[in-house]
Amino acid sequence: VGHCHPDIVKAAHEQNQLLNTNSRYLHDNLVNYAERLSKTLPEKLCIFYFLNSGSEANDLALRLARQYTKHEDVIVLDHAYHGHLTSLIDISPYKFRNLEGQKEWVHVAPVPDTYRGLYREDHEDSVTAYANEVKNIIEQAHKRGRKVAAFFVESLPSVGGQIIPPAGYFQKVAEHMHKAGGVFIADEIQVGFGRVGKHFWAFQLQGEDFIPDIVTMGKPIGNGHPIACVATTKEIAEAFAATGVEYFNTFGGNPVSCAIGLAVLDVIEKEHLQAHATEVGNFLMKLLKEQKIKHPIIGDVRYQCLIYIFSCFLFGSVK
């Protein structure tokens, strides 16, 4: 929502003057913020865990998936990056190929890129073809006696090239995952909170009939303040709690962080930033399409990614 936005600074300052404590102490801000977030998501995603960073959120998502499914393996997209913790380096081809290599429990699927990828725009059914790549990975894992816990994906793969997955791809992948006893994790850490313009969450670009099992959030959630979140279903949360080992994060969801989170949502709504991202993105898209016609060297202009990139500047968080 912009650097040093006065509403965010005010919310942090006011709450700091009242109380900031570890999250063993209950506070209304936590409940109020969870309630506000729930209104932006499908009803099924009704349980929230608050953390300090996107990496913490993705690590917890991995734990949730494994506890719920009782499986270990993870499928990710080629070139993916999901965070800096050891557990996330292991599922980030962008990183692990330059470090210790691919673990046995990690499986890499091709990026669903219809411009430069394995199956392109001229393919008769690129959506099914890319989804079948995931299905084949699951089948090969089963032949080796392995079980897949999760398909872990950025809703708009960013490090992989700002790719827009073709509509319907997530639905088909989720179907394969559920049949195999796994879950679908949507990483919205870079692309959530209205940055794609048309929708509040990038996974919604796939259609109203698609709902991930777990959604992770970071970066824009606190406008620079360290706060993150994992949203999931009641069933997954109950399986996680059944271990008897409670989840506790000392500062995740503390009163100041939640006050800031609430202020961010207020500003996005009050200043119509989602609509503004769409409007400015459309304007840039028009200009770039004109340049594409003029210059053959320009091969592809990606609409939603363009809006996302611009809104990173607009919302004050640029990678």
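Chains are numbered independently. Their residues run from 1 in the order of the written sequence. Per-residue local features of the predicted model are confined to residues with pLDDT of at least 70, and side-chain atom pairs are confined, for both listing and counting, to 80 or more; whole-chain, interface and lining totals are unaffected and use all residues. Side-chain calculation: all heavy atoms of the structure are included, whereas hydrogens and water are not.

- Per an unreviewed UniProt entry, the chain goes by AT2L2 lyase and derives from Pygoscelis papua.
- According to its UniProt record, the chain has this under Cofactor (unreviewed entry): "pyridoxal 5'-phosphate".
- UniProt positions are given in the numbering used here, feature names are shortened, and annotations may be inferred rather than shown by experiment. Under Sequence similarities (unreviewed entry), UniProt gives the following word-for-word description of the chain: "Belongs to the class-III pyridoxal-phosphate-dependent aminotransferase family."

### What about the pairing of strand S5 (residues 183–187)?
- With five of its five residues buried, S5 lies for the most part within the structure.
- Per-residue accessibility, obtained with a 1.4 Å probe over protein chains only, is compared with the maximum for each type, and a residue is labelled buried under 20%, exposed over 50%, and partly exposed between these values. Under the DSSP-based scheme used, a helix requires at least four consecutive residues in state H or I and a strand at least two consecutive residues in state E, with every element numbered from the N terminus. The side-chain alternation of S5 yields two buried faces, one formed by Val183, Ile185 and Asp187 and the other by Phe184 and Ala186.
- Relative to S5, strand S4 (residues 148–154) runs parallel, the two sharing five bridges. Each bridged residue has a counterpart across the sheet, and for Phe152 the counterpart in S5 is Ile185. Each pair of strands is called paired provided DSSP finds at least two bridges between the two strands.

### Quick word on the sheet that holds strand S7 (residues 228–232)
- Taken together, seven strands build an open sheet; the order of strands is S1-S7-S6-S5-S4-S2-S3 and the sheet is mixed. Here the strands that pair on one side only, and so sit at the sheet edges, are strand S1 (47–51) and strand S3 (106–109). Here the strands of the sheet are splayed against their neighbours by 20° on average, with no regard to which way each runs.
- With four bridges connecting them, strand S2 (residues 73–77) and S3 associate as parallel partners. Simply put, an axis is a line fit to the C-alpha atoms, just over the touching stretch for a helix, and the angle between two N-to-C directions goes from 0 to 180 degrees.

### Details of the nonpolar core
- Side-chain atoms within 4.5 Å link the members of a nonpolar core, which is a set of buried Ala, Val, Leu, Ile, Met, Phe, Trp, Tyr and Cys residues. Tyr33, Leu37, Phe151, Tyr169, Phe193 and Met217 are the most contacted members of the largest nonpolar core, which totals 57 residues.
- Per element, the largest residue contribution to this core is nine residues, and it comes from helix H9 (residues 255–270).
- By the convention used here, residues are in contact when the closest approach between their heavy atoms is within 4.5 Å. What Leu37 contacts, discounting residues up to four positions off in sequence, is Phe48, Phe50, Phe193, Trp201, Met217, Cys229 and Leu265.
- Ranked by size, the runner-up nonpolar core spans 25 residues in total, among them Val74, Ile91, Phe96 and Val106.

### As for the packing of helix H2 (residues 28–38) against H9
- Two numbers describe how H2 lies on H9: the axes approach to 8 Å, and their chain directions differ by 35°. For H2 against H9, the interelement crossing comes out left-handed. Counted together, Asn29, Leu30, Asn32, Tyr33, Arg36 and Leu37 of H2 and Pro255, Cys258, Ala259, Gly261, Leu262, Leu265, Asp266 and Glu269 of H9 form the full contact between these two elements.
- All amino acids are sorted into three groups, where Ala, Val, Leu, Ile, Met, Phe, Trp, Tyr, Cys and Pro are nonpolar, Asp, Glu, Lys and Arg are charged, and the leftover types, Gly among them, are polar. Its residues assigned to classes, the contact of H2 with H9 shows eight nonpolar, three polar and three charged. Helix crossings fall into two classes, left-handed where the near helix is turned counterclockwise from the far one by less than a right angle and right-handed where it is turned clockwise.

### Re empty space enclosed by the protein
- Lining residues are defined by having an atom within 4 Å of a point belonging to a cavity or pocket. Those points lie on a 1 Å grid over the protein atoms alone, cavities being sets where a 1.4 Å probe fits but cannot get out and pockets being open sets with protein on both sides within 12 Å along at least five of seven lines. Grid points are joined across faces, edges and corners, and a volume is the space filled by probe spheres set on the points. One pass over the structure, following the stated rule, counts two cavities of 30 Å³ or more.
- Considering only enclosed or pocket space, the largest cavity measures out at about 70 Å³ in volume.
- Of all the elements, S4 adds the most residues to the lining of the largest cavity, at three residues.
- Taken as a whole, the second largest cavity encloses approximately 30 Å³ of empty space.
- As for the second largest cavity, its lining consists of Asn22, Ser23, Tyr25, His27, Leu30, Gly253, Asn254 and Pro255.
- In terms of residue class, the lining of the second largest cavity is built from three nonpolar, five polar and no charged.

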